[in-house]
Amino acid sequence: MGLPDDYHEHATPTESRQWKGIFRDLNSQNISAGLVSSVLVMTGPAIIILQAAAAGGFTDQQTINWMFAVYFFGGVFSIIMPLLYRIPITGGHSITGVAFLATVTAQFTYPQLIGGYVMSGLIILLVGFSGFFTKIIKWVPKEVISAMLGGLVTGYVVQIVPAVKEMPMVGGAAVLSFLLCTKYVKKVPPVVIAIGVAFVVLFLTGNFKFGHEQMAFFLPSLQIPEFTGMGFLTLALPLAMLILSNDAAPGIGALESSDFKPPIRKIVSTSGAFSILSGFFGGQCANIAGMMTAICSGPDAGPRTKRYMGSVVSGVVTLLFGIFAWKIVPFIYSLPGAFISLVAGFSLIAVLHSSLQKGFSENRYRLSALAAFIVTLSNVSFFHISAPVWGLIVGAVLARTIEKA
């Protein structure tokens, strides 16, 4: 990790004062982006973790270790990285990684799972150090990256429609408040008001029922891993590929799409290091989060030079969630699935609009961008490689061959 390569050479007294005065960069826009980002990772993914833990027969202690590890270390990542590089590198954990684990936790013993998590982090660390990921990203045109990101978030935004159908009063109030605030309110992002209104209507209409028992508190503790060849092939390798393809690639792509210059090798290698640390405490990873980075780097996060504070806010909230997960998780577990889809959809509207605009505004790579968008939207994976990576590959190949100037 460490400071940027040229930090010591170019640091000035002014920059030192800016470092001490980072709170002056806070504003309503990046704060709201950070809050929305953290809500995204604290709702659906938390529920999937509980489902995966139940499928694997985890004890309460093991479940709390898992929740603590991914949210605490993901939050620390999200505080350190944006403060070091002053760009919105947002940390969390892999949603698709959790979904994958929900299908395999019953196939391994708990120590074997821990060994798989640690090996997965080591793979990511080595990929980051090698610079291989950097070369791939640099080879892909920005239009293709933006289109890929658009295809990735479209599935989330589209879920607003069935969510409104399932919860007409909550969804209708959210949509109406979003539209009215878009036209009449300029100081507060419409998505924040929409989500706030949705929460209020949810409680007033009685659609929320707190019916889950509280979890007992346990101090997080180091776990003993067991390393096996089968764990490497069927757990660590697929998990690392999911994190690199569904989180690192979209997250870095979102930063590139918003005209930031992310330190790709350091982002990936740091994600690996934090994932190893998370693994020893029972969590599958702690890394750059694709969707969360997209939210904090998008236009709704305010002036571009201050968007990094949205990632810091997200990190603080996520870290606190990890510490108090044993108290908070039962509340989130009680939220209706349609409501979670509604929140996720509204969170990514601005990202979708910006991605489509940047992906298709120029004539140069329209076919390549369209191919990347469609392949990513298909959500089809081959050889444990997810649709967003295939979208980047197809789009880049078309751009470098068919549409090459």
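Residues numbered from 1 in each chain as written. Predicted model: local features only at pLDDT ≥ 70, side-chain atom pairs only at ≥ 80, totals over all residues. Heavy atoms only, no water.

1. What to know about the overall build of the chain
On a plain count of helices and strands, the chain comes out with 21 helices and two strands. For the chain, the residues scored as buried account for 56% of the 405 residues in total. Expressed as a percentage of contacts within the chain between residues at least 6 apart in sequence, the contacts between residues at least 24 apart total 85%. Accessible surface, the chain as shown: approximately 17300 Å² in total, 68% of it carbon and sulfur. (Helix = DSSP H or I, 4+ residues; strand = E, 2+ residues; numbered from the N terminus. Buried < 20%, exposed > 50% of the residue type's maximum accessible area, 1.4 Å probe, protein only. Contact = heavy atoms within 4.5 Å. Areas by Shrake-Rupley, 256 points an atom, 1.4 Å probe, with all protein chains shown as cover.)

2. Brief notes about helix α16 (residues 308–323)
The first and last C-alpha atoms of α16 sit 23 Å apart over 16 residues, in line with the 22 Å expected at 1.5 Å per residue. Counting buried positions along α16 yields 12 of 16 residues, so the element is predominantly enclosed. When we look at burial in α16, the residues that qualify are Y308, M309, G310, S311, V312, V313, S314, G315, T318, L319, F321 and G322. (Expected span 1.5 Å × (residues − 1).)

3. So, the layout of surface pockets
For the largest pocket, the calculated volume is near 900 Å³. Along the wall of the largest pocket there are 37 residues; nearest its centre are I95, T96, Y156, N246 and N379. By residue class, the composition of the lining of the largest pocket is 20 nonpolar, 16 polar and one charged. (1 Å grid on protein atoms, 1.4 Å probe; cavity = no way out; pocket = protein on both sides within 12 Å on 5 of 7 lines; lining within 4 Å. Points joined across faces, edges and corners; volume = space filled by probe spheres on them. Nonpolar A, V, L, I, M, F, W, Y, C, P; charged D, E, K, R; others polar.)

4. Structural notes on the packing of helix α5 (residues 60–85) against α16
Direction vectors running N to C along α5 and α16 enclose 160°, while the axes themselves pass 7 Å from each other. The orientation of α5 relative to α16 falls into the category roughly antiparallel. Every pair of crossing elements has a handedness; the one defined by α5 and α16 is left-handed. The segment α5 lies against α16, with M67, F68, Y71, F72, G75, V76, S78, I79, P82 and L83 engaging Y308, S311, V312, S314, G315, V316, T318, L319, F321, G322 and I323. Among the residues making up the contact of α5 with α16, the classes are represented as 14 nonpolar, seven polar and no charged. (Axes fitted to C-alpha atoms, helices over the stretch in contact; angles between N-to-C directions. Parallel < 35°, antiparallel > 145°, perpendicular 65-115°, else oblique. Left-handed = near helix turned anticlockwise from the far one by under 90°.)

5. Looking at the packing of aromatic side chains
This structure, assessed with the given rule, holds 13 aromatic pairs. Here the aromatic rings of F58 and W66 are separated by 5.5 Å at their centres, their planes lie at 45°, and the arrangement is tilted. The two residues F58 and W66 agree in class, both being buried. With centroids separated by 6.1 Å and ring planes inclined at 75°, the aromatic side chains of F68 and F73 adopt a geometry described as edge-to-face. (Phe/Tyr/Trp six-rings, centres within 6.5 Å; stacked < 30°, edge-to-face > 60°.)

6. Brief notes about the confidence of the model for the chain
Confidence in the prediction for the chain averages 82 pLDDT; 89% of positions are at 70 or higher. Within the chain, no element has a lower average pLDDT than helix α1 (residues 7–10), which sits at 40, and none a higher one than helix α14 (residues 264–280), at 95. Contacts of residues 1–13 to residues separated by more than four positions or lying in other chains number 16 contacts, the stretch itself having pLDDT below 50. (pLDDT = per-residue confidence, 0-100.)

7. Quick look at a nonpolar patch on the surface
Together, L176, L180, Y184 and V185 make up an exposed nonpolar region whose accessible area comes to about 400 Å². By secondary structure assignment, the location of L176 is in helix α11 (residues 168–184). (Patch = residues over 30% accessible without salt bridge, like charges linked within 9 Å, V, L, I, M, F, W, Y side chains within 5 Å. Salt bridge = Lys/Arg side-chain N within 4 Å of Asp/Glu carboxyl O.)

8. Looking at the pattern of salt bridges
Pairing is possible between side chains of opposite charge, provided their charged atoms come close. Taken as a whole and assessed by the stated rule, the structure comprises one salt bridge. Among the ionic pairs, E143 bridges to R364, the shortest N-O distance being 2.9 Å. In this pair, E143 sits in helix α9 (residues 142–158) while R364 sits in the loop between α19 (349–360) and α20 (366–378), placing the two residues 221 residues apart along the sequence.

9. Focus on the side chain of N287
Structurally, the position occupied by N287 is in strand β2 (residues 287–288). Beyond its immediate stretch of four places on either side in the chain, N287 contacts F77, T90, G91, G92, H93, S94, I243, D247, S271 and S275.

10. Overview of unusual backbone geometry
Although it is not a glycine, R86 sits at a positive phi angle of roughly 55°. Its place among the elements puts R86 in the loop between α5 and β1 (91–92). In this model, D259 sits at a positive phi of 70°, which is unusual for a non-glycine residue. Within the secondary structure, D259 is located in the loop between α13 (229–257) and α14. Residue classification places D259 among the partly exposed positions, given a relative accessible area of 46%.

11. Digging into the nonpolar core
Counting residues in hydrophobic clusters, the biggest one holds 68 residues, and the most contacted among them are W66, Y71, I89, F133, V268 and I288. Sequence-distant contacts of I288, that is, excluding residues within four places in its chain, are made with F77, I89, T90, G91, D247, A248, G251, I252, L255, I267, S271 and T293. Core analysis: the second largest hydrophobic core is formed by 36 residues, V153, M167, I195 and L342 among them. (Core = buried A, V, L, I, M, F, W, Y, C linked by side-chain atoms within 4.5 Å.)

12. A look at the environment of N65
Summarising the element assignment, N65 is placed in helix α5. With relative accessibility at 0%, the residue N65 sits in the buried group. Along the chain, N65 and S221 lie 156 residues apart, while their C-alpha atoms are 7.0 Å from each other. If we ignore the near neighbours within four places in the chain, the residues touching N65 are Y110, L219, P220, S221, Q223 and F281.

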